Amino acid sequence: MKKIFIKTYGCQSNIADSEQLAGILSKKYKIVDSLEKADIIILNSCAVKLRTLNKQLDFIKNIPKNKKIFIGGCLPKIVNLRKTYPNISGFFDTNTILKVPELILEDYIIISNEKEHRINLPRVRKTKDLAIINICQGCEGNCGYCAAKLSRGELKSYKIEDILKEFKQALKEKCTKFYLTGQDTGCYGFDLKTNLPSLLKEILKIKGDYKIRIGMMNPNNILNFLDELIKIYKNEHIVKFLHIPIQSGSDKVLKEMNRFYKVKDFELIVKKFRKEIPEIKISTDIICGYPTETEQDFKKTLDLIEKVKPDVLNISKFSSMHNTRASKLKQLSSEIIKDRSVRLTKLFKSLKK
Ligand code: SF4
């Protein structure tokens, strides 16, 4: 039996995709945990940041020539890797994972814009007691810096009954921790005339010993059902962790990033959650050095973080990803970008003292 090693980069969605991929392939192949043991390498790639892109290119370069390599995930739709790495046997993307068994036999490229119906499939879990469930793929946003949009595309939510079935199956498999994930769980169900609170209420009817962590949500989407969501978050099964990426403290920059909310919306959400659930952990993201960000805009970001004091702050240095709208703008110098991320990191560390 040929041995396959799946290397995954990126978000929880990608990890869930790799678990499904391993589940599908384990019928005919042995899934192994290292490159050395494998005959075939599958790279499930991420396209969010240049730094991650470079790490993956190094990984590809270091694969011994006697091993076959296939690339999937978000990169194949964004970067033409075949030109640079002719030794790559084939490509797939986040919409053609079910076709990989075929691809491995034929060596070709299968990229599609048609979303697959990929739920309730066999899994090889990365962590035995952790069930990562993609409740939706894609999103309703179109953020200027985002390459994930180019690969994951428009929103496709899975039906509540399909997610409940996946949840119950994972419970049967002794999972006690659940990540409900997607590119933006806040827009879950908008394409099915339902929403995240409706899904959560159905899940919470399931009896059992489990904890649910809810993935990243954009502020504009949860404003629609904020009070309802806070009520649900009080449930003992819900992990008191809220990840809402703000990205900038300047409304001008948020508009230029094509983010559909204002700073005051973010502050309102944080204030209401903290008032109703004092133990809530607030996590947010900031991009330092977006091309149109002035020193004045950046000062507003520093002021916002000083005021809100998030528990977790994911700081990214802006990196221009291929084919994004922001990549066509005049870029700030790497010195300015670095300086801003250093100042924000320093501020955040000082707030944690
Ligand atoms: S909401 Fe914006 S940042 Fe998030 S996946 Fe969609 S386009 Fe990308």
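Residues numbered from 1 in each chain as written. Predicted model: local features only at pLDDT ≥ 70, side-chain atom pairs only at ≥ 80, totals over all residues. Heavy atoms only, no water.

1. Observations concerning the site of the ligand
Okay, so step 1: All residues adjacent to the ligand are C139, G141, N142, C143, Y145, C146, K149, Q183, N218 and R259.
Okay, so step 2: Its atoms largely coinciding with the cavity grid, the ligand occupies the largest pocket. (Near = heavy atom within 4 Å. 1 Å grid on protein atoms, 1.4 Å probe; cavity = no way out; pocket = protein on both sides within 12 Å on 5 of 7 lines; lining within 4 Å. Sits in = over half its atoms within 2 Å of the grid points.)

2. Digging into the environment of D311
Okay, so step 1: On the secondary structure map, D311 appears in the loop between α12 (295–308) and β14 (312–317).
Okay, so step 2: For D311, a relative accessible area of 24% gives the class partly exposed.
Okay, so step 3: The spacing of D311 and K352 is 41 residues in sequence and 8.1 Å in space, taken between C-alpha atoms. (Helix = DSSP H or I, 4+ residues; strand = E, 2+ residues; numbered from the N terminus. Buried < 20%, exposed > 50% of the residue type's maximum accessible area, 1.4 Å probe, protein only.)

3. Topic: the layout of surface pockets
Okay, so step 1: In this structure, the largest pocket encloses a volume near 1400 Å³.
Okay, so step 2: In terms of residue count, the dominant contributor to the lining of the largest pocket is β14 (four residues).
Okay, so step 3: Looking at the lining of the largest pocket residue by residue, the classes come out as 21 nonpolar, 18 polar and ten charged.
Okay, so step 4: Summarising the domain contributions, the lining of the largest pocket has at least three residues from each of domain 1 (3–110) and domain 2 (130–351).
Okay, so step 5: The volume enclosed by the second largest pocket comes to roughly 350 Å³.
Okay, so step 6: Taken together, 16 residues line the second largest pocket, and the ones lying closest to its centre are I6, K7, T8, S18 and K126.
Okay, so step 7: Broken down by secondary-structure element, the contributors of at least two residues to the lining of the second largest pocket are β1 (3–8) and α1 (12–25). (Points joined across faces, edges and corners; volume = space filled by probe spheres on them. Nonpolar A, V, L, I, M, F, W, Y, C, P; charged D, E, K, R; others polar. Domains from an automatic or database assignment.)

4. Quick word on the domain arrangement of the chain
Okay, so step 1: Examined at the domain level, the chain breaks down into domain 1 (3–110) and domain 2 (130–351).
Okay, so step 2: Computed over C-alpha atoms, the centres of domain 1 and domain 2 are 27 Å apart.
Okay, so step 3: Surface buried jointly by domain 1 and domain 2 totals about 1600 Å² across both partners, of which 53% is contributed by carbon and sulfur atoms.
Okay, so step 4: At the boundary of domain 1 and domain 2, one finds one salt bridge.
Okay, so step 5: One salt bridge in this structure joins R152 and D17, with 3.1 Å as the shortest N-O distance.
Okay, so step 6: Seen at the junction of domain 1 and domain 2, the total is eight residue pairs in polar contact (both at pLDDT 80 or more).
Okay, so step 7: Going through the elements one at a time, α1 and α2 (50–61) are the ones with two or more residues in the side of domain 1 that touches domain 2.
Okay, so step 8: The element contributing the most residues to the side of domain 1 that touches domain 2 is α1, with seven residues.
Okay, so step 9: Class assignment for the residues of the side of domain 1 that touches domain 2 results in ten nonpolar, five polar and four charged. (Buried area = accessible area lost by both parts, 1.4 Å probe. Salt bridge = Lys/Arg side-chain N within 4 Å of Asp/Glu carboxyl O. Polar contact = N/O pair within 3.5 Å; in protein donor to acceptor, adjacent residues only side chain to side chain.)

5. Quick word on the nonpolar core
Side chains of nonpolar character tend, in soluble globular proteins, to be buried together.
Okay, so step 1: The biggest cluster of nonpolar side chains holds 59 residues, and the ones touching the most others in it are L196, I212, Y233 and F273.
Okay, so step 2: The next biggest cluster of nonpolar side chains, apart from the first, holds 26 residues, and it includes L43, L81, I88 and F91. (Core = buried A, V, L, I, M, F, W, Y, C linked by side-chain atoms within 4.5 Å.)

6. Looking at the sheet that holds strand β2 (residues 30–31)
Okay, so step 1: Read from one edge of the open sheet, six strands run β2-β1-β3-β4-β5-β6, paired in parallel fashion. A single partner strand is all that each edge strand has here, and the edge strands are β2 and β6 (109–110).
Okay, so step 2: Direction of pairing for strand β4 (residues 68–73) relative to strand β5 (residues 90–92): parallel, over a ladder of two bridges. Note that in β5 the partner of I71 across the bridge is F91.
Okay, so step 3: Lying over the sheet, α1 contacts β1, β2, β3 (40–45) and β5, oriented at roughly 170° with respect to β1. (Pairing = 2+ DSSP bridges. Contact = heavy atoms within 4.5 Å. Axes fitted to C-alpha atoms, helices over the stretch in contact; angles between N-to-C directions.)

7. Brief notes about the sheet that holds strand β12 (residues 241–243)
The strands making up a sheet associate through backbone hydrogen bonding, with each pair oriented either parallel or antiparallel.
Okay, so step 1: As summarised here, the arrangement of the three strands in space is β12-β13-β14, forming an open sheet in which the pairing is parallel. If you trace the sheet from one side to the other, it starts and ends with β12 and β14, each paired once. Going from strand to strand, the sheet's axes swing by 15° on average, the running direction of each strand aside.

8. Structural notes on the pattern of salt bridges
Okay, so step 1: On inspection of all chains with the given rule, the structure shows 26 salt bridges.
Okay, so step 2: Of the charged contacts in the structure, one is a salt bridge between E154 and K149, with a shortest N-O distance of 3.3 Å.
Okay, so step 3: E295 is the salt-bridge partner of R343, the closest N and O atoms lying 2.5 Å from each other. Here the residue R343 occupies a position in helix α13 (residues 334–352), and E295 occupies one in helix α12, the gap between them amounting to 48 residues.
Okay, so step 4: Residue class for R343 comes out partly exposed when judged on its relative accessible area of 26%.
Okay, so step 5: Taking relative accessible area as the criterion, E295 reaches 31% and is therefore assigned partly exposed.

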